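Summary of structural features
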Amino acid sequence: LKVDFQSVKNVGRRPKGIIVTCVTNWLIKPFTMFGIAYLFFYVVFKAFIPAGLAEEYLAGAVLLGAAPCTAMVFVWSYLTKGDAAYTLVQVAVNDLIILVAFAPIVAFLLGVGGVSIPWDTLLLSVVLFVVIPLAAGVITRIMVIRRKGVDYFNNVFIKKFDNYTVGLLLTLIILFSFQGETILNNPLHILLIAVPLVLQTVLIFFVAYGWAKWWKLPHDVAAPAGMIGASNFFELAVAVAISLFGLQSGAALATVVGVLVEVP
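A brief structural summary.

Rules used in this analysis
Residues numbered from 1 in each chain as written. Predicted model: local features only at pLDDT ≥ 70, side-chain atom pairs only at ≥ 80, totals over all residues. Heavy atoms only, no water. Helix = DSSP H or I, 4+ residues; strand = E, 2+ residues; numbered from the N terminus. Buried < 20%, exposed > 50% of the residue type's maximum accessible area, 1.4 Å probe, protein only. Contact = heavy atoms within 4.5 Å. Areas by Shrake-Rupley, 256 points an atom, 1.4 Å probe, with all protein chains shown as cover. Axes fitted to C-alpha atoms, helices over the stretch in contact; angles between N-to-C directions. Parallel < 35°, antiparallel > 145°, perpendicular 65-115°, else oblique. Left-handed = near helix turned anticlockwise from the far one by under 90°. Nonpolar A, V, L, I, M, F, W, Y, C, P; charged D, E, K, R; others polar. Patch = residues over 30% accessible without salt bridge, like charges linked within 9 Å, V, L, I, M, F, W, Y side chains within 5 Å. Salt bridge = Lys/Arg side-chain N within 4 Å of Asp/Glu carboxyl O. 1 Å grid on protein atoms, 1.4 Å probe; cavity = no way out; pocket = protein on both sides within 12 Å on 5 of 7 lines; lining within 4 Å. Points joined across faces, edges and corners; volume = space filled by probe spheres on them. Phe/Tyr/Trp six-rings, centres within 6.5 Å; stacked < 30°, edge-to-face > 60°.

**A few points about the overall build of the chain**
A tally of regular secondary structure across the chain gives 13 helices and zero strands. When the elements of the chain are put in sequence order from the N terminus, they spell out α-α-α-α-α-α-α-α-α-α-α-α-α. For the chain, the proportion of its 264 residues judged to be buried stands at 44%. In the chain, 81% of the contacts between residues at least 6 apart in sequence involve partners at least 24 apart. Surface summary for the chain: the accessible area is close to 13,200 Å², and the carbon and sulfur share equals 70%.

**A short note on unusual backbone geometry**
For Lys81, which is not glycine, the phi dihedral falls at a positive 60°. Structurally, Lys81 can be placed in the loop between α4 (73-79) and α5 (84-112). With a relative accessible area of 70%, Lys81 lands in the exposed category. Even without a glycine there, the phi angle at Lys216 is positive, about 60°. Residue placement: Lys216 occurs in the loop between α10 (187-214) and α11 (219-230). Judged by relative accessible area, which is 74%, Lys216 ranks as exposed.

**Digging into the packing of helix α12 (residues 234-245) against helix α13 (residues 250-262)**
With their axes 8 Å apart at the nearest point, α12 and α13 run at an angle of 165° to one another. It follows from the interaxial angle that α12 and α13 lie roughly antiparallel. As α12 runs across α13, the sense of the crossing is left-handed. Touching Phe234, Ala237, Val238, Ala241, Ile242 and Phe245 of α12 are Ala251, Ala252, Thr255, Val256, Val259 and Glu262, all from α13. When its residues are assigned to classes, the contact of α12 with α13 shows ten nonpolar, one polar and one charged.

**Quick notes on a nonpolar patch on the surface**
On the surface, Leu96, Leu99, Val100, Leu124, Val127, Leu128, Phe129, Val131, Ile132, Leu134, Val138 and Ile142 cluster together into a nonpolar patch covering about 980 Å² of accessible area. Mapped onto the nonpolar patch, the elements with two or more residues apiece are α5 and α6 (119-148). For the nonpolar patch, the element with the highest residue contribution is α6, accounting for nine residues. Turning to its location among the elements, Val131 is positioned in helix α6.

**Topic: empty space enclosed by the protein**
Per the counting criterion, the structure on display carries one cavity of 30 Å³ or more. Quantified by volume, the largest cavity comes out at close to 70 Å³. Around the largest cavity, the lining residues are Lys29, Met33, Leu64, Leu197, Gln200, Thr201, Gly229, Ala230, Asn232, Gly258, Val261 and Glu262. Listed by contribution, the elements that provide at least two residues to the lining of the largest cavity are α2 (16-44), α10, α11 and α13. Of the residues belonging to the lining of the largest cavity, the class tally is five nonpolar, five polar and two charged.

**Digging into the side chain of Thr87**
Residue placement: Thr87 occurs in helix α5. If near-sequence neighbours (up to four positions away) are discounted, Thr87 is found in contact with Val73, Phe74, Ser77 and Pro224.

**Structural notes on the packing of aromatic side chains**
Throughout the structure, instances matching the rule amount to eight aromatic pairs. Relative to Tyr38, the ring of Phe34 lies with its centre 5.7 Å away and its plane at 35°, an arrangement referred to as tilted. Residue Phe34 and its partner Tyr38 are located together in helix α2, separated by four residues, close to a single helical turn. Note on Phe34: relative accessible area 12%, which makes it buried.

What follows is the structure in structure tokens.
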């Protein structure tokens, strides 16, 4: 994804798209996810899901809902002919908000749902999976550019890591292997988890995209805004679910189902 950094500087002159994505992702999405998941796991599917599992599934859904997409959305933006510079700024702003808003929102919503989680573990997860990688990326970029220049960084250094994206696929395979017994014993639960996640995805997409169209924003800004809300930072959600509830927990399973819902 090639970006003209002069275009990035000009994004500030068109703030409406940033407002749409920020309000949708942080003032609407986490709370609608909680509401929809609670309705289905505790009411609609009450006869099929034990109370203990319902809590874990709710936790997994909330973790997904409180973490807007920060990676795959670049692919979605490219496929929908989105403005690459604007998408970059939208994602960057959401990344910065995650640093301060993710933990409080998750703790609040899970507390409302009766799920108790240790704050220190939640904060440590954010540090490990967001702060440290972000800092490492910034430091690496500064050091490489200082030694080799911007062209080397963009055209040589970055391309060395193209094949490492298979690591995410391997992570998902490992997760499913550990969840194998749960999936085989409760295949119906995969479908039950997917229902509220699909509804949430569709709802949030139309909230963001519809709002952008109502404000008469161009498609190349509206499309990424809708896709960021309809997608999740599932790497963070999966990692935090494992940290808080364990690898074989219902919360981890729900976050993995979230991946299967999002991509198609």
